[in-house]
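Report on the structure
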Amino acid sequence: MTAEVRVRPATTADGPAIHALETASFSDPWTLESIRSMIAQPLALATVAEQEGRIVGYCIAWAIGREAELVNLCVASARRGAGVGGRLLDDLLATLGDRGGATVFLEVRDSNEAAQALYRGRGFLATGRRKAYYRHPAEDAVIMRRAGAPSPGAD
Ligand SMILES: CC(C)(COP(=O)(O)OP(=O)(O)OC[C@H]1O[C@@H](n2cnc3c(N)ncnc32)[C@H](O)[C@@H]1OP(=O)(O)O)[C@@H](O)C(=O)NCCC(=O)NCCS
């Protein structure tokens, strides 16, 4: 039986565990300091997924008014393909939904098929591209957008 996954708000004390996943998964990772300061920002929505007492994934987003940006989503390589990334993203979308349903933007590497499939499955559409946005290696970013709920009072 698969151990239960629990999603909870991240705290700055989770910084080292998040940073370990970040450096294992990305070729141009954030520093521990930038992860900690991001989590501490009042506008940040940061969560971790825990399984058997270990942090196996995290999600960091910003929400400002009716717009949000998914900044980073990551699952430990040994735990991928088991629904953890989907849980983290669903939790973020539910939180945004409770706040009135912001439109969500994100950037993803052109070659990152797994992430793009996850995002498409949750209603994101590719809306553009940023040339050579990423380093190590240089690569275009695909911009994806998920429409939020209509503004109250909109026609
Ligand atoms: C992208 C990532 C977060 C997905 O997390 P995950 O826990 O493996 O995803 P899930 O098991 O919840 O899968 C959800 C959906 O993603 C898609 N998906 C996941 N892995 C996939 C793969 N290898 N190939 C194609 N689609 C894939 C599927 O559409 C899947 O839908 P399903 O539930 O109907 O099967 C994970 O692969 C990861 O951490 N990658 C490295 C970091 C990264 O690239 N983050 C994104 C930065 S923009």
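Here the structure is shown first, and the text comes after it.
Scope of this entry: the structure provided in the associated data block. (Residues numbered from 1 in each chain as written. Predicted model: local features only at pLDDT ≥ 70, side-chain atom pairs only at ≥ 80, totals over all residues.)

1. Details of the site of the ligand
Around the ligand, the surrounding shell holds 19 residues, and the nearest of these are Arg-80, Gly-85, Gly-86, Ala-114 and Leu-118. Secondary-structure elements contributing two or more residues to the shell around the ligand are strand S4 (67–75), helix H3 (84–98) and helix H4 (113–121). For the shell around the ligand, the per-class residue count stands at ten nonpolar, seven polar and two charged. (Near = placed C-beta within 6 Å. Helix = DSSP H or I, 4+ residues; strand = E, 2+ residues; numbered from the N terminus. Nonpolar A, V, L, I, M, F, W, Y, C, P; charged D, E, K, R; others polar.)

2. Details of H3
The end-to-end C-alpha separation of H3 is 21 Å, in line with the 21 Å expected for 15 residues at 1.5 Å each. The set of residues buried in H3 consists of Val-84, Gly-85, Leu-88, Leu-89, Leu-92, Leu-93 and Leu-96. Its buried side turned inward, H3 meets strand S1 (5–9), strand S2 (44–51), strand S3 (54–64), S4, strand S5 (103–109) and H4. (Expected span 1.5 Å × (residues − 1). Buried ≥ 20, exposed ≤ 12 C-beta atoms within 10 Å, placed from the backbone. Contact = placed C-beta atoms within 7 Å.)

3. Examining the pairing of S4
Judged from the eight bridges that link them, S3 and S4 form a sheet pairing that is antiparallel. Following the sheet pairing, Gly-57 is matched in S4 by Val-75. Summarising the sheet, S4 and S5 pair through three bridges and their orientation is parallel. What sits directly across from Glu-67, in S5, is Thr-103. Handedness of the crossover joining S4 and S5 through H3: right-handed. (Pairing = 2+ DSSP bridges. Right-handed = clockwise from strand over helix to strand, strands pointing away.)

4. Observations concerning the sheet that holds S2
Spatial ordering of the open sheet is given by S1-S2-S3-S4-S5-S7-S6, a layout of seven strands whose pairing is mixed. For this open sheet the edge positions go to S1 and strand S6 (125–134), each flanked by a neighbour on one side alone. This sheet shows a mean twist of 25° between the axes of neighbouring strands, independent of strand direction. Across the sheet, H4 touches S5 and strand S7 (139–146), and the angle it forms with S5 is around 160°. (Axes fitted to C-alpha atoms, helices over the stretch in contact; angles between N-to-C directions.)

5. Comments concerning the packing of helix H1 (residues 15–25) against helix H2 (residues 32–40)
Direction vectors running N to C along H1 and H2 enclose 125°, while the axes themselves pass 9 Å from each other. Our classification of the angle between H1 and H2 gives oblique. In the crossing of H1 with H2, the sense of the turn from one axis to the other is right-handed. Residues Gly-15, Pro-16, Ile-18, His-19 and Glu-22 of H1 pack against Leu-32, Ile-35, Arg-36 and Ile-39 of H2. Broken down by class, the residue content of the contact of H1 with H2 amounts to five nonpolar, two polar and two charged. (Parallel < 35°, antiparallel > 145°, perpendicular 65-115°, else oblique. Left-handed = near helix turned anticlockwise from the far one by under 90°.)

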